[in-house]
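Single-letter residue listing:
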Amino acid sequence: MAEYGPLVLRVCRAVVGPADAEDAWSETFLAALKAYPGLPEDARVEAWLVTIAHRKALDAARAGSRRPIAVGEVPESGRALADGRALTGGAAVTGGRSEEAGGTLKDPDQWDGDLWDALKALPQRQRSAVAYHYLAGLPYKEIAAVLGGSTDAARRAAADGIKSLRSSYPRRTHERGE
Amino acid sequence: MMTASDAEAGDLFEALPLRDDMAHGRLHARLVAGAQREGVLDVAYRTLRTPVGTLLLAATEQGLVRVAYDSEDHGGHAAVLADLAERISPRVLEAPERLAQVTKQIEEYFEGRRVRFDLALDLRLSKGFRREVITHLSGIAYGHTESYAQVAAATGSPRAVRAVGTACATNPLPVVVPCHRVVRSDGSAGGYVGGAAAKHTLLSLETAA
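Computed from a predicted structure; not experimentally measured.

## Some words on the domain arrangement of chain B
Residues and elements named next belong to chain B. The domains assigned to chain B are domain 1 (22-110) and domain 2 (128-208). Using C-alpha coordinates to define each centre, domain 1 is positioned 24 Å away from domain 2. Contacts between the two partners involve 12 residues from domain 1, matched on the other side by 11 residues from domain 2. Elements with a minimum of two residues in the side of domain 1 that touches domain 2: β2 (53-59) and β3 (64-69). Broken down by element, the residue count for the side of domain 1 that touches domain 2 peaks at five residues, all from β3. Among the residues forming the side of domain 1 that touches domain 2, the class breakdown is eight nonpolar, two polar and two charged.

Pasting the structure below:
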């Protein structure tokens, strides 16, 4: 867990947003802990965790929505993906646990709200593809298995997502240090 | 993990911290609580600094299952945890709460304020003759010692002196199950799973009291 915890948190933050990322992370790891003996011998842990996280996000979205979410449909907000309860409670309301998360996330060093705004604007499928590829390092073939659809479709979703991000997200001007 | 795709994405995700220890502290506590609630916290562990070095303490729901010196295995505590994951369950989490009693009693022992441990023990890591030896060891009182030969005789296998040595060397619960109280017939201390210096420290502590 120490090994994959940070990676999964980055993915959760990018897919469901700052307010719900910690709920999503917790549900993912608890589910992983319960399912652990079910991990196939040859499976890569990253892919397995991302699959669980993705399923959790969809479950929460379904539970919180009166209409089924078609794959690729744009949810109103990332919150709808992660936590149905928060959705019914109104966008401004966060649960007790999320509040805790929000407390530290106000720190601009930890999480840039602009990045989430840009990610949030992407169709869910693109946002997931981008996060699973660029943050979790999954190959497109594995992403296709998680999202459904073909490898090419997964590659296209990630490419389109990155392209939109590049134009919508005000990138920092300085270069990465290394 | 740096991959080609990270480079492609350039600095887009720079705002997302690679590590966020504050968040992980919260998340870990939440996971432990959840695992406990769901009954899937199979092995809880913590480390504890003591006069004989940092000890790893691990407990199942049945009781204390492992006490380990860092020097015991070439891989240190990480190797011990990997072994627990293999032999008991991969659901291993750092969760000091379950070890509160153990911690308290070990601390009291090292302060000279406790002469016997009153703890639930899970002896599943010890089998057969070794387990018989381990069970016998718990009866050797604080401040007393027995020779390997005496222990062998007491377990009904007077010729199994070497096997007693092996049982002591593979004691999964050193300190709490006092294999340090088994010494050579000539009075010298003999080997110890935590090293000769640790054995000396424990025996001195008990004779000083």
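## Examining the packing of helix α9 (residues 140-147) of chain A against helix α10 (residues 151-168) of chain A
Residue and element names in this part refer to chain A. Viewed as axis vectors pointing N to C, α9 and α10 meet at an angle of 95 degrees, and their least axial separation amounts to 8 Å. When the axis of α9 is compared with that of α10, the two are roughly perpendicular. Contact residues: Tyr140, Lys141, Ile143, Ala144 and Leu147 in α9; Thr151, Ala153, Ala154 and Arg155 in α10. Of the residues in the contact of α9 with α10, the class split is six nonpolar, one polar and two charged.

## Some details on the pairing of β3 of chain B
Residue and element names in this part refer to chain B. Of all the six residues making up β3, six are buried; the element is thus mostly covered by neighbouring parts of the structure. In this structure, β2 lies alongside β3, joined through five bridges in antiparallel fashion. Looking at the pairing, Ala59 lines up with Leu64 of β3. Hairpin remark: β2 followed by β3, antiparallel, with four residues in the connecting loop; positive phi at Gly63, about 160 degrees.

## Describing the nonpolar core
Nonpolar side chains in soluble globular proteins tend to end up buried together. Grouped together as the largest cluster of nonpolar side chains are 93 residues, with contacts concentrated most on Val11, Cys12, Ala53, Ala131 and Tyr132 of chain A together with Leu57 and Ala58 of chain B. There are two domains that each give this core at least three residues, and those are domain 1 (22-110) and domain 2 (128-208) of chain B. Aside from chain neighbours lying at most four places away, what touches Ala58 of chain B is Val43, Ala44, Tyr45, Val65, Arg66 and Leu84 of chain B.

## Overview of helix α7 (residues 113-120) of chain A
All names here are of chain A. When α7 is considered as a whole, its buried residues turn out to be Leu115, Trp116, Ala118 and Leu119. Taken around the axis of α7, the buried residues stretch over an arc of 160 degrees, which confines them to a single face. Each element contacted by the buried residues of α7 is listed here: α1 (5-16), α2 (18-35), α8 (124-135) and α10.

## Topic: the sheet that holds strand β1 (residues 43-50) of chain B
All names here are of chain B. In spatial order, the strands read β3-β2-β1-β4; together these four strands make up an open sheet with mixed pairing. The sheet is open, and its two edges are formed by β3 and β4 (92-94), each paired on a single side. Sheet twist, expressed as the average angle between the axes of neighbouring strands with direction ignored, equals 25 degrees.

Cut-offs applied
Residues numbered from 1 in each chain as written. Chains lettered and ligands numbered in written order. Predicted model: local features only at pLDDT ≥ 70, side-chain atom pairs only at ≥ 80, totals over all residues. Domains from an automatic or database assignment. Contact = placed C-beta atoms within 7 Å. Helix = DSSP H or I, 4+ residues; strand = E, 2+ residues; numbered from the N terminus. Nonpolar A, V, L, I, M, F, W, Y, C, P; charged D, E, K, R; others polar. Axes fitted to C-alpha atoms, helices over the stretch in contact; angles between N-to-C directions. Parallel < 35°, antiparallel > 145°, perpendicular 65-115°, else oblique. Buried ≥ 20, exposed ≤ 12 C-beta atoms within 10 Å, placed from the backbone. Pairing = 2+ DSSP bridges. Core = buried A, V, L, I, M, F, W, Y, C linked by C-beta atoms within 7 Å. Arc of directions from axis to C-beta.

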